[in-house]
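Coordinate analysis (summary)
Spelled out from the first residue to the last, the chains are:
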Amino acid sequence: MKPFFGWLDRIPLSVLAIAALLLGLAPFVPEPHLIEKLRMLANGQLTRPIDVFDLFLHGTPVVLLALKLWRQFRTGAP
């Protein structure tokens, strides 16, 4: 699995954490986009392409951070 996750290993954890916090919670007021889009997805209202793109944009750093943490704890990778 090293070749597939090699690019993820090269991204510093701090950069992913900051990106996940900033993009995951932006805009901070009145409600973070990620929370709003996940609520729309749960309610079956996520139908417009811009909303799907927003979910992808704001959720990608969170998913990458989760993958990196999972990889570090599971394999001991840097």
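Residues numbered from 1 in each chain as written. Predicted model: local features only at pLDDT ≥ 70, side-chain atom pairs only at ≥ 80, totals over all residues. Heavy atoms only, no water.

Side note on the overall build of the protein
In terms of helices and strands, the protein carries 4 helices and 0 strands. From first element to last, N terminus to C terminus, the protein shows the α and β order α-α-α-α. The C-alpha radius of gyration computed for the protein amounts to 14 Å, which surpasses the reference 12 Å derived for 78 residues by more than 25%, pointing to a less compact arrangement than a globule. When its C-alpha atoms are laid out on the principal axes, the protein stretches across 40 × 25 × 20 Å. Across the 78 residues of the protein, 29% fall into the buried class. (Helix = DSSP H or I, 4+ residues; strand = E, 2+ residues; numbered from the N terminus. Rg over C-alpha atoms; globule rule 2.2 N^0.38 Å. Buried < 20%, exposed > 50% of the residue type's maximum accessible area, 1.4 Å probe, protein only.)

Section: the pattern of salt bridges
Under the criterion given, the structure shown has 5 salt bridges. In this structure, Arg 39 and Glu 31 form a salt bridge, with 2.2 Å as the shortest nitrogen-oxygen distance. Linked by salt bridges that have partners in common, Lys 37, Arg 48, Asp 51 and Asp 54 make up one network. (Salt bridge = Lys/Arg side-chain N within 4 Å of Asp/Glu carboxyl O.)

Some thoughts on a nonpolar patch on the surface
On the surface, a nonpolar cluster with roughly 630 Å² of combined accessible area is contributed by Ile 18, Leu 21, Leu 22, Leu 25, Phe 28 and Val 29. For Phe 28, the position within the fold is in the loop between helix 2 (13-25) and helix 3 (33-43). Classification of Phe 28 by relative accessible area gives exposed; the value is 53%. (Patch = residues over 30% accessible without salt bridge, like charges linked within 9 Å, V, L, I, M, F, W, Y side chains within 5 Å. Areas by Shrake-Rupley, 256 points an atom, 1.4 Å probe, with all protein chains shown as cover.)

Topic: the packing of helix 2 against helix 4 (residues 49-75)
Between helix 2 and helix 4, the shortest axis-to-axis distance is 8 Å and the interhelical angle comes to 145°. In the packing of helix 2 onto helix 4, the handedness of the crossing is left-handed. Touching Leu 13, Leu 16, Ala 17, Ala 19, Ala 20, Leu 23 and Gly 24 of helix 2 are Leu 57, His 58, Pro 61, Val 62, Leu 64, Leu 65, Lys 68, Leu 69 and Gln 72, all from helix 4. Here the contact of helix 2 with helix 4 is built from residues that sort into 12 nonpolar, 3 polar and 1 charged. (Axes fitted to C-alpha atoms, helices over the stretch in contact; angles between N-to-C directions. Left-handed = near helix turned anticlockwise from the far one by under 90°. Contact = heavy atoms within 4.5 Å. Nonpolar A, V, L, I, M, F, W, Y, C, P; charged D, E, K, R; others polar.)

Here's the deal with unusual backbone geometry
Here the amide bond leading from Ala 26 into Pro 27 is cis, since omega sits at -15°, within 30 degrees of zero. With respect to the element layout, Pro 27 can be found in the loop between helix 2 and helix 3.

Some points on helix 4
For helix 4, spanning 27 residues, the distance from its first C-alpha to its last is 37 Å, which sits close to the expected 39 Å at 1.5 Å a residue. At Gly 59, helix 4 shows its maximal kink, close to 40°; a proline, Pro 61, follows between one and four residues later. Residues of helix 4 that are buried: Asp 51, Asp 54, Leu 55, His 58, Gly 59, Pro 61, Leu 64, Leu 65, Lys 68 and Arg 71. (Expected span 1.5 Å × (residues − 1). Bend = angle between axes of the 7 residues up to and from the residue.)

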